[in-house]
Amino acid sequence: MAEITYREAVCKALADEMALDPDVVFFGEDVAEAGGVFKVTPGLYERFGPARVRDTPISEQAIIGMALGTAITGLRPVAELMFADFVPVALDQIANQVAKYRYMSGGQFIVPLTIRAAQGGGNGFGTQHSQCAESWLMSFPGLKVVSPSTPVDMYGLLRGAIRENNPVVVLEHKGLYNLKGDVPEDTPAMALGEARVVRSGGHITVVASQLMLHRSLEAAALLMTEGIECEVIDVRSFAPLDIRTILRSVKKTHRMVIVEEAPHGAGWGGDIASLAVDEGLFWLECPVRRINMGNALIAYSPPLEDAALPNVERICQSIRDVMAS
Amino acid sequence: MPSDVVMPNLGFDTQNGRLIEWLKQPGETVRKGEALAVIESDKANVELEAVAAGVLLEHIAKPGDEVVVGAVLARIDDIRDQKSESAAKPVSIAAPGTSQPYQRPRKTATASAARLEGIMPLLPAARQKALQHMLAIRLAEEKIQELFLLNLIRGTTHLAIGQEACAVGTAAALRPGDQVTCTYRGHHHAIALGMSLRAMIAEMMGKAAGACKGKGGSMHMTDATIGLLGANAIVGAQLPIALGAALTAQIKRTGTVAVAFFGEGASNIGAFHEALNMAAVWTLPVLFICENNLYGEYSVWSKTTPVQDIAERAAAYAMPGIVVDGQDAEAVYTAVKSAGDRARAGEGPSLIECKTYRYRGHSRTDTAPYRLAGELDAWLQRDPIAVLKAKMIEDGQLDEVEFAEMQHAAEVAVVDAVEWAQAQPYPSTESLYEDVFYEG
């Protein structure tokens with residue numbers, strides 16, 4: 001067993017795929033010689049050279065458009081957007097081009113393109129450097145979206161994304177870069193599109209991702225001492241969404257809370273709640289509860305940012321409320 | 001046989017309009033394409049065009065009538081059947097004048113960009129092909145207009161009549177394996193690159209046999225087998241995509257180049273500047289070819305753009321920028337060939353600005369009332385087909401009989417494509433969910 005960080009898992013996945021496939025190229029802002037602003041990709045430039053590992057100008061539209069152009073002409077690009085908050089800067093290319101290119105050409109191309117972006121709050125980056133992008137990206141059929149929460153998932157899902165012949169956005173949570181975990185040497189590329197039951201329990205289903213998953217696991221451990229058994233599910237893949245795994249759990253627990261690091265409006269939790277109601281209404285004993293940022297924006301000041309993001313205490317209290325209802 | 005003049009689909013959600021006035025009365029002779037009536041829609045007042053040449057037989061709708069899409073508004077006695085019109089001269093071409101293309105005066109005086117010096121003539125066979133393609137483009141575009149008026153093509157179309165030389169001149173300079181992205185005004189690029197007319201017309205009709213299985217339509221014409229990576233309906237988005245094709249060429253050392261066509265309006269969007277900058281920084285084999293047709297939708301470019309020439313903008317990205325006569329296919333060829341040789345030699349990108357003109361409005365609902373008086377006529381003096389035809393006649397490579405034969409062959413091919421496309425089935429609704437993802 002090799003224990004590495006979530007950050008190292010990203011770099012190892014990239015390096016292993018680049019070593020296996022000469023068509024894999026990697027570019028983004030400050031990713032090559034500097035090794036990434038979060039020091040995620042050091043050594044790739046030195047190992048694979050300036051043709052395959054490139055620093056770009058600060059040009060998000062061109063980065064994504066160029067990645068698309070390489071993907072449809074025979075390369076297997078990985079493009080980095082430094083912060084997921086920059087997704088809207090490149091949204092034309094992501095939404096109108098990347099997601100639709102195969103479709104509107106009637107299937108003339110495959111688009112083996114991976115976009116990596118660092119997302120999430122909790123680190124004082126302020127309003128425009130702290131957002132999560134899943135809900136923005138789920139509106140574009142043709143695009144896959146995954147959000148790994150652990151080093152082993154980061155490694156396996158990123159390798160799976162790079163091998164995928166469809167465009168995939170891999171969202172990395174900045175607050176998890178230092179998280180350590182076992183990534184066995186023989187960890188394979190993972191299939192996209194599967195949620196994972198991280199903790200089993202019979203009383204209530206807790207659906208979460210990334211930072212909120214780890215906070216939900218803390219909450220589940222605390223609630224265990226109160227006799228509440230939570231089944232915690234890591235969404236992992238937002239598009240496609242693995243609703244089967246979630247419904248199986250709801251069928252068992254009859255209760256569900258969804259913990260999102262995002263505003264309430266058009267959030268992914270709403271999709272899961274509506275699917276649970278559509279397909280599992282009669283298994284539910286009480287309303288589905290969404291725990292999220294409401295209409296809050298992420299502010300810079302520590303107490304304000306803490307108040308915006310769901311924390312362990314809020315998650316515990318919501319679960320207690322649902323159990324009491 | 002009389003032809004029905006029907007209420008065209010004006011695009012958007014417009015299902016009806018109001019007949020304002022008739023411009024032609026029963027008994028009057030009308031030319032094909034001539035305005036017959038004015039119709040008010042929720043977007044603009046548009047002119048109803050004659051679908052055929054002939055004598056206007058009768059008005060069926062009256063001024064003030066609400067008219068729905070598809071309704072018959074008038075009938076024309078089609079004299080095409082009497083072989084008196086279209087077979088003899090389906091393309092109206094003025095003799096090439098010597099005057100420079102008409103230019104509006106600029107508000108701001110800036111240094112102008114370099115002009116192309118010296119034109120490299122195409123070889124006789126290449127001239128023949130360029131002329132054939134220009135005729136095919138002209139006739140196909142006119143037919144597309146007609147199909148739109150008959151509601152056989154829906155949504156919108158953007159015709160490139162007048163801009164044919166930009167496409168064929170470029171195509172003549174490209175090699176197999178080169179790749180092209182272009183704009184929603186891109187039918188001419190597709191034909192110049194050798195796209196099947198049948199697959200193209202079928203695509204515009206939304207048929208299963210269309211180039212994109214009916215999922216793209218007029219604005220997304222794509223044929224990977226000829227290097228056409230796609231026409232794009234988002235202004236400027238195709239430039240970064242061409243950058244990617246060029247990066248693949250550079251990394252895989254294919255010796256090919258990528259071309260991005262765009263209009264002068266796209267030079268004001270961010271993607272243009274990002275693409276030119278990155279192409280220059282990485283010395284990518286990409287050619288940025290601007291078809292400056294003077295109007296970005298309904299706005300004359302002098303109102304939106306402070307430079308004298310779009311090619312000037314190349315200087316900001318340390319690449320060559322050159323202005324060429326976009327009505328002369330050989331001028332375009334010369335510039336693209338030279339820029340292509342440079343790119344293939346690893347010397348990086350170039351910006352080529354073709355000064356050209358679209359004879360029609362921006363799209364189907366635009367009658368181009370913003371043109372200056374005499375502007376269109378001035379440009380018609382430099383019609384791209386006439387320019388090349390005259391050179392070939394002067395060099396003894398063509399005579400009027402041969403030209404008429406070429407026209408006829410092009411017309412036959414267009415008619416064949418339309419008939420074939422009309423006979424094709426629509427896609428099954430199950431195909432709605434196909435090709436969203438690659439499965440496998």
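Residues numbered from 1 in each chain as written. Chains lettered and ligands numbered in written order. Predicted model: local features only at pLDDT ≥ 70, side-chain atom pairs only at ≥ 80, totals over all residues.

Caption draft 1: Layout of the confidence of the model for chain B. Looking at chain B, the pLDDT average stands at 90 and 91% of residues meet or exceed 70. Predicted confidence is poor over residues 80-102 of chain B, with pLDDT under 50, and the contacts of this stretch with residues over four places away or in other chains come to 41 contacts. (pLDDT = per-residue confidence, 0-100. Contact = placed C-beta atoms within 7 Å.)

Caption draft 2: Inspection of helix H4 (residues 197-204) of chain B at higher detail. Residues and elements named next belong to chain B. Of all 8 residues in H4, 8 are buried, a share of seventy percent or more. Of all the residues in H4, the buried ones are Leu197, Arg198, Ala199, Met200, Ile201, Ala202, Glu203 and Met204. At its buried positions, H4 is contacted by helix H1 (124-149), helix H3 (187-192) and helix H10 (400-423). Remark: Gly206 follows H4 within two positions and exhibits a positive phi of approximately 75°. (Buried ≥ 20, exposed ≤ 12 C-beta atoms within 10 Å, placed from the backbone. Helix = DSSP H or I, 4+ residues; strand = E, 2+ residues; numbered from the N terminus.)

Caption draft 3: Representation of the packing of helix H8 (residues 210-224) of chain A against helix H12 (residues 312-324) of chain A. Residues and elements named next belong to chain A. Put simply, H8 and H12 touch, their axes get as near as 9 Å, and they point 55° apart. Judged by the inter-axis angle, H8 sits oblique to H12. When you trace H8 past H12, the crossing you get is right-handed. Each of Arg215, Ser216, Glu218, Ala219, Leu222 and Leu223 in H8 lies in contact with H12, whose residues at this interface are Val312, Ile315, Cys316 and Ile319. Its residues placed into classes, the contact of H8 with H12 shows 7 nonpolar, 1 polar and 2 charged. (Axes fitted to C-alpha atoms, helices over the stretch in contact; angles between N-to-C directions. Parallel < 35°, antiparallel > 145°, perpendicular 65-115°, else oblique. Left-handed = near helix turned anticlockwise from the far one by under 90°. Nonpolar A, V, L, I, M, F, W, Y, C, P; charged D, E, K, R; others polar.)

Caption draft 4: Examining the sheet that holds strand S12 (residues 237-239) of chain A more closely. Residues and elements named next belong to chain A. If you trace the 7 strands from one edge of the open sheet to the other, you get S3-S2-S4-S5-S7-S6-S12, paired in mixed fashion. Two strands lie at the open edges of the sheet, namely strand S3 (53-55) and S12, each paired on one side alone. Sheet twist, expressed as the average angle between the axes of neighbouring strands with direction ignored, equals 20°. Here strand S4 (residues 76-83) runs beside strand S5 (residues 114-119); their pairing, made up of 5 bridges, is parallel. Each residue of the ladder has a partner; that of Ala79, found in S5, is Ile115. On the sheet, helix H3 (residues 60-71) packs against strand S2 (24-28), S4 and S5 and is oriented at approximately 165° with respect to S4. (Pairing = 2+ DSSP bridges.)

Caption draft 5: Structural view of the interface of chain A and chain B. Across the boundary between the two partners, chain A contributes 34 residues, which contact 35 residues of chain B. When residues of the side of chain A that touches chain B are traced back to their parent elements, those giving at least two are H3, helix H4 (91-98) and helix H5 (101-104) of chain A. The leading source of residues in the side of chain A that touches chain B is H3(A), at 8 residues. Its residues assigned to classes, the side of chain A that touches chain B shows 14 nonpolar, 18 polar and 2 charged.

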